[in-house]
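Chain by chain, the residues:
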Protein chains: 2
Amino acid sequence: MKNYITHDEWCIVEDGFHPQHNEITESLMSLGNGRMGQRGNLEEGYSGKTLLGNYVAGVYFPDKTRVGWWKNGYPNYFAKVLNACNWIGIDIRIGTEILDLNTCKIEEFRRVLNMKEGILERTATVTLSGGRKLRIHSKRFCSMADDEAGAISYTMIPLNFTDHFTIKPYLDGNIRNRDSNYDESFWNEIQAEAAGAEGYLILETKENPYQVQQFRVATGMYFDVKIDGAKVENTVENRVEGKYVSGSVCVEGREGQAITIYKYAVNLSSENYAKNELLANAKSYISRIVSKGFDCMYAEHIQAWADKWAKNDITIAGDVAAQQGIRFNIFHLGQTYTGEDERLNIGPKGFTGEKYGGSTYWDTEAYCIPFYLSTADQKVARNLLVYRHKQLQKAIENAAKLGFTDGAALYPMVTMNGEECHNEWEITFEEIHRNGAIAYAIYDYVRYTGDESYLTEFGLEVLIGISRFWKQRVNWSADKKQYVMLGVTGPNEYENNVNNNWYTNYIACWTLRYTLEVIDRLWKDDSRTLNEIIFKTDLQLNSELAAWKHIVENMHYPYDETRQVYLQQQGFLDKELLTVDDIAAHRPINQKWSWDRILRSCFIKQADVLQGLYFFEHEFDAQVIRRNFEFYEPMTVHESSLSPCVHAILAAGLGLKQKAYEMYVRTARLDLDDYNNDTEDGLHITSMAGTWMSIVKGFAGQRVVNGMLALKPYLPQEWEGYSFRIGFRGSLLRVSVSRQSVSIENTSETPLSLLVNDQKIFVDGRASVQL
Amino acid sequence: MKNYITHDEWCIVEDGFHPQHNEITESLMSLGNGRMGQRGNLEEGYSGKTLLGNYVAGVYFPDKTRVGWWKNGYPNYFAKVLNACNWIGIDIRIGTEILDLNTCKIEEFRRVLNMKEGILERTATVTLSGGRKLRIHSKRFCSMADDEAGAISYTMIPLNFTDHFTIKPYLDGNIRNRDSNYDESFWNEIQAEAAGAEGYLILETKENPYQVQQFRVATGMYFDVKIDGAKVENTVENRVEGKYVSGSVCVEGREGQAITIYKYAVNLSSENYAKNELLANAKSYISRIVSKGFDCMYAEHIQAWADKWAKNDITIAGDVAAQQGIRFNIFHLGQTYTGEDERLNIGPKGFTGEKYGGSTYWDTEAYCIPFYLSTADQKVARNLLVYRHKQLQKAIENAAKLGFTDGAALYPMVTMNGEECHNEWEITFEEIHRNGAIAYAIYDYVRYTGDESYLTEFGLEVLIGISRFWKQRVNWSADKKQYVMLGVTGPNEYENNVNNNWYTNYIACWTLRYTLEVIDRLWKDDSRTLNEIIFKTDLQLNSELAAWKHIVENMHYPYDETRQVYLQQQGFLDKELLTVDDIAAHRPINQKWSWDRILRSCFIKQADVLQGLYFFEHEFDAQVIRRNFEFYEPMTVHESSLSPCVHAILAAGLGLKQKAYEMYVRTARLDLDDYNNDTEDGLHITSMAGTWMSIVKGFAGQRVVNGMLALKPYLPQEWEGYSFRIGFRGSLLRVSVSRQSVSIENTSETPLSLLVNDQKIFVDGRASVQL
């Protein structure tokens, strides 16, 4: 755990340079706009510890699988998010000395991520050789308004000297993924040119044997140099060589004068432009933003963020660390996925690092969808669902590779384009509950938005594919005279290859029930559309539906009659049942125990019975939830970043306020304080949505009941108050909870009836209610 | 399956060159002598498909582990058998043309492994450019008499031309393991010299961070060139450069004259000589064998093989393919391990390839020990046991890494020096039954030899270490009120991470019982020695023994009351129970099914309940064995080379002669006919012992009953007769089985009473009995 980030309500502040933590700070201070993302690297370059990172949404490389021991069915490649051309670089030479914070003396340093504005700002004073003092002030953003562009203003003031400054803004394509399986470069140069202050570099991903398209990215730049606001017209010397272009300008830097470089850049990908039109588009894009100018771009960018915060901000009174933590989470979620493009999704590290290189996990459906449903336009969550619909055919092919037939769909554990990327058999082949979460997200979306049209347009096809998978994946146990599901790994990855994981069995049968229910509803209400879907999916209305019903009615669920709790899996009671308190000295077990010891222990990474009770809370009474919570919570080590939020929500619902707060604290500052010693690899983007849920679904008890928004807010005793903004079916609410009252302000024109503590409340457009 | 090897009783014959199968032939025609091994590569070099291989016993490199996903407890390195200096190479240039069977025209070609003599012989006629015809005749052996030496005679006759021949015998250390994890060379050059016909190259394994010693190997050579028998005294031009030494001679090759090169070579390792004396020893070794001369070395080598065959030959009448198959297996076992050195063991590929680079698996104890017990001096099997005793401390450390304490020992799955090398969690950490096989081998050895002294000298310490492991590895199930063993993989590797694998539970309790029994015997007979062992192992006589007894009395064994069979593991009956006939089109499933499908199917790679009933046959009645055989055999796909032999033995014992023969056929020509498409990687050395067992323990029913050798021989109807040679406590028998009779000839001086078909028979020294 680190503690070097200054607490502040709106900013992430590194006060004084922490070179040993530089890669952590770079992760924390990443900027993005849904189309591109840039780690908090230093513009002038840095010879110390640094992980350069610029990522372009949707652009990846199929890196050939490398495993110790091959298992049949492993995918041939891992689609990795690509570290792309460095667009922020500005080499600075003062006299003969290269400006490098790793070699000069740092007198003063402050790096600030301003989350309100989405700006990364840095001020520093350094002493160069010969006692020359230089002041630096840089500002950077990835524009939310022009979402393929970024801009930098970089100012230097020689405080006590006059010297030649050689300023060389550049684009550099000599970038490798640190996690490349074979230490390869993934990029070829297609075209490079530079003329004066303009430069362009077009790179393409290398050929591959997997029929994966080769992506092309055009990066363009333009720069201006001004001294005390007056544009410098000196000659620019260009270099174009080996995936690199630059323009170099020499100016006289006089004591006390400000030299400012404005660098504008764009990253356009062949996902959005014809390959042969990339250069022309990059040029016109550059021309457009340059004529707009830095200040105008900046203003538009800030406005875009203001609009976002108006929909999703959470305030916490009386706890600056908690306030900073929740805004940090909301900020990164907001810049990772904007919902503009249904071909994109949310990687566990977003645009903040390379690790877990694939883009999409079940995290999106299980954790992120609720956040976007409540805080963004309906289309944002919808596009996340459509992403899976677009990959349905690939999911059917993926299932076919594992021996499933007749349109059964198994969505991948990790994917960029719909093909499975992961290669641990116990996860790739067995952590199939992901399929259930994808079905659940459809239900969750429809429940929240009321948008039934999604089912006929896209959802039912996906549900049918997944139901077909479950049907084939279970088998009849002649011994139990019930259906069983063998050889699975549940969300609790501290068990592998178990039989009858309660969560997986439950979500499988739930999928079958929900699919049957949707078909039944359409049968009555819209048989014409149903027929189209039946035709398209070749659904055998009689035999398939009968088989699904038979499974629903005859599934085996492991259960302990004595304790009256569901059993995580068959045989769970053969374990030595201890609590985390019994092994205090052994934690975290994922660092202190060998894998087999973890597997045969009772300890739980993330409690999947509780995950199931959280998803399907409406199908269980509180006593059942409480018994299971009290059985599993003491065995849960929460060594998944996705675990505490579910416990926080359940605990809040059960009135276990102390436990709920304890769980909240575990998730809220995970990255900011580097709890797991891995923030340098990038941020835990998807678990950030869990933090948001801990407040809104946990402390505020947000649910949807019979198509109505429902809240049961309470104030954790550690806080003085909190507020959050959520949208529901056209209304936009600001809910404020204090020690004395709950107030609900409708900031939209659309009136809303909602349930607060089970009481129906009406809030008119632009009105407030105090409770 | 391939069918290009000519059937012959004593020889493996490749008639006509099969370049597409060259790597297979190279494996089949490997030579060795227990100290070194050499694949059947061509002396003159070959630019086509080839896997060069020279291996020096006990010399390995700790190759840094490379896995896709790290699991706690994985070893840091994999100790790999090293591809060492090429000592057979003789470059030949005729005029300006390099002799290379890949580029010249092959008129006639025959490569023969003469198993009786242990000689690799090759005759070929090739046409070079300009129609020049050349006859080649080479002979090579790794001397069984001088076991650090090899010799080659290589003759060329220009049939229709006269030209300059440049002959360049060399030693080449520029060799890499094809399976290197990081594509590294593992060797550094220490010294190289060449003078005239002599050359030496001393290589050392590279530095490593694992405290593994650096091995040094000195390879030496000397050569003679003769023309029609007369020694050529031409000038030798030497080259010493970059891990390479050579001596080059130019001779006039006249039409019809025979040019013969005799190349002598030695491989001495720092395991047997002080590092700084390696060169001197290599020189004196070379000098000694050169003065002995090729013919004398050859004669001594043949005699050594004759002595071996006198102890271990099996003849089969009426089936040349079967005869060739069994001798092929015996031959390779004989040249892989001679039992001279208790630091050595038997790798699954012996000295025939790199794959499974580690040396020792449980194969040695479960399959090879019975072969060596019956066919070699007692010390050979004893040395294999001592090998494990020497590694006891490492086994204790290995267990400690996984959290076990107080002297619990877990032997590695794969090892060279006692440290675990393997890195698949489900095998490395969970396939712990290996520990039981190591205990069983002690019992097996003592039962066969009557050598109880082994227990006090070495065996009991190992048994105590293993018993302590089992004690800690089980846990009390409050639910079952019995001990359970969770999270294991049995010998059937088509199940992973199962609970209560019957075989593992049984062998664990058997180990505890046997250890208790040995202690009890010593308590009565030799309490002084027992006390020494108690002191040395810090055994808590009261508490530890009581705990072991409690486990023995309260272990859970999964059982099907309906079918009255043991269950392979908890929950086995939840599977869909099919037979291999139901999935004929899907076999082999390890190629056609994804791993998860294999895991959740009922299909068995190698039936571990049957393995247990084979090991502990004396503890079960025939009805029990039969019921289990009939339950599991139909589900067994035998996709392990170690599987069919156990079924053959059990089937033979149950009188299921057809099944026994079917199983025998599956194992006997596995490599010769390349059943599994992997002979090119090397031979399945350890499963060869299983083939031997299928005949001796299967068809001939060899057992030990109350300290007596017992036989129940029958003749498979497909054969006309068979005979085998076995030793038992000083006697040496030749047992011949024909349609009419069984004859037992005692070829030693030591008389023997044995049981034949449960009747006690006496065979005097040098006498025969006909039954």
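As a starting point, this report considers the structure included with it. Just so it is clear, the structure is predicted and the values come from calculations on it, not from any experiment.

Moving on: the overall build of chain A. When you go through chain A residue by residue, the secondary structure sums to 20 helices and 33 strands. Taking 28 Å as the expected radius of gyration for a compact globule of 771 residues, we find that chain A reaches 27 Å, a close match to that expectation. The principal-axis extent of the C-alpha atoms belonging to chain A is close to 85 × 65 × 55 Å. By residue count, 65% of the 771 residues in chain A fall in the buried class.

Contacts between the two partners involve 46 residues from chain A and, on the opposite side, 46 residues from chain B. When chain A packs against chain B, close to 3,800 Å² is buried across both sides, 49% of that on carbon and sulfur atoms. Taken together, the connections running from chain A to chain B amount to 6 salt bridges. Viewed at the interface, chain B and chain A are joined by 24 residue pairs in polar contact (both at pLDDT 80 or more). In terms of residues, the side of chain A that touches chain B owes the most to one element, helix H15 (residues 595-600) of chain A, which gives 5 residues.

If a residue is not glycine, its phi is most likely negative; likewise, a peptide bond is most likely trans. Between Arg587(A) and Pro588(A) the backbone carries a cis peptide bond, its omega angle lying at -5 degrees. Look at Asp758(B): it is not a glycine, yet its phi comes out positive at around 70 degrees. Following the sequence through the fold, Asp758(B) ends up in the loop between strand E31 (752-756) and strand E32 (759-763).

Glancing now at the relation of the copies chain A and chain B. With an RMSD of 0.1 Å, the operation that places chain A on chain B is a rotation of 179 degrees combined with a shift of 0.1 Å along the axis. The superposition of one copy onto the other is thereby described by a two-fold rotation axis. Residues of chain A ranked by C-alpha distance from the rotation axis are headed by Val67(A), positioned 2.6 Å from it. A symmetric contact is evident, with 100% of the interface residues of chain A recurring at the interface of chain B.

Before going further, it helps to spend a moment on the packing of aromatic side chains. Under the counting rule described, the total for this entry stands at 120 aromatic pairs over all chains. Above the plane of the ring of Tyr714(A) lies Lys657(A), whose end atom (NZ or CZ) is 4.6 Å from the centre.

With that settled, the discussion passes to the environment of Asp520(A). Locating Asp520(A) in the fold gives a position in helix H11 (residues 502-525). For Asp520(A), a relative accessible area of 37% translates into the label partly exposed.

Attention now moves to the environment of Arg135(B). Residue and element names in this part refer to chain B. For Arg 135, the position within the fold is in strand E11 (residues 133-142). On the basis of relative accessibility, which here comes to 29%, the residue Arg 135 falls in the partly exposed class. Sequence separation of Arg 135 and Asn 501 is 366 residues, and the distance between their C-alpha atoms is 60 Å. Every residue in contact with Arg 135, bar those within four places of it in the chain, is listed here: Glu 108, Thr 123, Ala 124, Thr 125, Thr 155, Met 156, Ile 157 and Leu 159. Side chain to side chain, Arg 135 and Glu 108 meet in a polar contact 2.6 Å long. There is a polar contact of 2.9 Å between the side chain of Arg 135 and the side chain of Thr 125.

Residues and elements named next belong to chain A. In total, this model carries 120 salt bridges over all chains according to the counting rule given. Notably, a salt bridge pairs Arg 216 with Glu 204, separated by 3.1 Å at the nearest N-O pair. Within this pair, whereas Arg 216 is found in strand E16 (residues 216-227), its partner Glu 204 is found in strand E15 (residues 198-205), the two being separated by 12 residues in sequence. A residue is classified by how much of its surface remains accessible, and Glu 204, at 9% relative accessible area, is buried. Across the pair Lys 659 and Glu 633 runs a salt bridge, and its minimum N-O distance is 2.8 Å. You can see Lys 659 sitting in helix H19 (residues 657-668) and its partner Glu 633 sitting in the loop between helix H17 (622-632) and helix H18 (643-653), a full 26 residues away along the chain. Counted as one network, the salt bridges with shared partners bring together Arg 35, Asp 147, Glu 271, Asp 341 and Arg 343.

So, about helix H9 (residues 433-449) of chain B. Residue and element names in this part refer to chain B. Its 17 residues place the ends of H9 24 Å apart at the C-alpha level, agreeing with the 24 Å of an ideal helix rising 1.5 Å per residue. Most of H9 sits out of view: 16 of its 17 residues are buried. Just past H9, the residue Gly 450 takes up positive phi, approximately 75 degrees.

A word on the side chain of Glu148(B). Residues and elements named next belong to chain B. Relative to the helices and strands, Glu 148 is located in the loop between E11 and strand E12 (149-158). No salt bridge is formed by the buried Glu 148; its nearest oppositely charged neighbour, Arg 35, is found at 5.0 Å. Of note is the side chain of Glu 148, whose polar atom sits 2.9 Å from the side chain of Tyr 273.

What follows covers helix H20 (residues 685-699) of chain B. All names here are of chain B. Across its 15 residues, H20 extends 21 Å between first and last C-alpha, which sits within 8% of the 21 Å expected from 1.5 Å per residue. Most pronounced at Met 693, the bend in H20 amounts to some 35 degrees. Buried residues dominate H20, accounting for 15 of its 15 residues. Directly after H20, the chain includes Gly 701, whose backbone phi takes a positive value near 60 degrees.

Residues and elements named next belong to chain A. Within the open sheet, the 4 strands sit side by side as E3-E4-E5-E6. Their pairing is antiparallel. Sheet topology places strand E3 (31-32) and strand E6 (77-83) at the edges, where each strand pairs with a single neighbour. Here strand E5 (residues 54-64) runs beside E6; their pairing, made up of 6 bridges, is antiparallel. The residue of E6 that forms the bridge with Tyr 60 is Val 81.

This next bit is on the sheet that holds strand E6 (residues 77-83) of chain B. An order of E3-E4-E5-E6 (chain B) is seen for the 4 strands of this open sheet, with the pairing classed as antiparallel. The open sheet terminates on both sides in strands that have one partner only, identified here as strand E3 (31-32) and E6 of chain B.

Residue and element names in this part refer to chain B. Packing of helix H18 (residues 643-653) against helix H19 (residues 657-668) leaves a shortest axis separation of 8 Å and a crossing angle of 160 degrees. In terms of orientation, H18 and H19 fall into the roughly antiparallel class. Note on packing geometry: the crossing formed by H18 with H19 is left-handed. Residues Pro 644, Cys 645, His 647, Ala 648, Ala 651 and Ala 652 of H18 form the contact with H19, whose own contacting residues are Lys 659, Ala 660, Met 663, Tyr 664, Arg 666 and Thr 667. Considering only residue class, the contact of H18 with H19 consists of 8 nonpolar, 2 polar and 2 charged.

A word on the packing of helix H9 (residues 433-449) of chain A against H11(A). Residue and element names in this part refer to chain A. Relative to each other, H9 and H11 sit at 45 degrees, their axes nearing to 9 Å. With respect to each other, H9 and H11 are oriented oblique. In the crossing of H9 with H11, the sense of the turn from one axis to the other is left-handed. Seen from H9, the contacting residues are His 433, Gly 436, Ala 437, Ala 439, Tyr 440, Ile 442, Tyr 443 and Val 446; seen from H11, they are Tyr 503, Thr 504, Ile 507, Trp 510, Thr 511 and Tyr 514. The class makeup of the residues in the contact of H9 with H11 is 10 nonpolar, 4 polar and no charged.

Next up on the list: the pairing of strand E11 (residues 133-142) of chain A. Residues and elements named next belong to chain A. The buried fraction of E11 is high, at 7 of 10 residues. Pairing between strand E10 (residues 119-127) and E11: 8 bridges, direction antiparallel. By the bridge assignment for E11, Glu 121 is matched with Lys 139. With 9 bridges joining them, E11 and strand E12 (residues 149-158) adopt antiparallel strand pairing. Note that in E12 the partner of Arg 135 across the bridge is Ile 157. Remark: 6 residues form the turn of the hairpin made by E11 and E12, two consecutive strands paired antiparallel.

Residues and elements named next belong to chain A. In terms of burial, strand E30 (residues 742-746) is largely enclosed, as 4 of its 5 residues are buried. Pairing of strand E29 (residues 731-738) with E30 involves 5 bridges; the strand directions are antiparallel. The residue of E30 that forms the bridge with Ser 736 is Ser 743. What sits between E29 and E30 in their antiparallel hairpin is a turn of 3 residues.

Here is what the cut-offs are and how they apply
- Residues numbered from 1 in each chain as written.
- Chains lettered and ligands numbered in written order.
- Predicted model: local features only at pLDDT ≥ 70, side-chain atom pairs only at ≥ 80, totals over all residues.
- Heavy atoms only, no water.
- Helix = DSSP H or I, 4+ residues; strand = E, 2+ residues; numbered from the N terminus.
- Rg over C-alpha atoms; globule rule 2.2 N^0.38 Å.
- Buried < 20%, exposed > 50% of the residue type's maximum accessible area, 1.4 Å probe, protein only.
- Contact = heavy atoms within 4.5 Å.
- Buried area = accessible area lost by both parts, 1.4 Å probe.
- Salt bridge = Lys/Arg side-chain N within 4 Å of Asp/Glu carboxyl O.
- Polar contact = N/O pair within 3.5 Å; in protein donor to acceptor, adjacent residues only side chain to side chain.
- Least-squares fit on C-alpha atoms with pLDDT ≥ 70 in both.
- Phe/Tyr/Trp six-rings, centres within 6.5 Å; stacked < 30°, edge-to-face > 60°.
- Lys NZ or Arg CZ within 6 Å of the ring centre and 35° of its normal.
- Expected span 1.5 Å × (residues − 1).
- Lys, Arg positive; Asp, Glu negative; His and termini not counted.
- Bend = angle between axes of the 7 residues up to and from the residue.
- Pairing = 2+ DSSP bridges.
- Axes fitted to C-alpha atoms, helices over the stretch in contact; angles between N-to-C directions.
- Parallel < 35°, antiparallel > 145°, perpendicular 65-115°, else oblique.
- Left-handed = near helix turned anticlockwise from the far one by under 90°.
- Nonpolar A, V, L, I, M, F, W, Y, C, P; charged D, E, K, R; others polar.

Everything listed here is a matter of geometry and, on its own, says nothing about what the molecule does.
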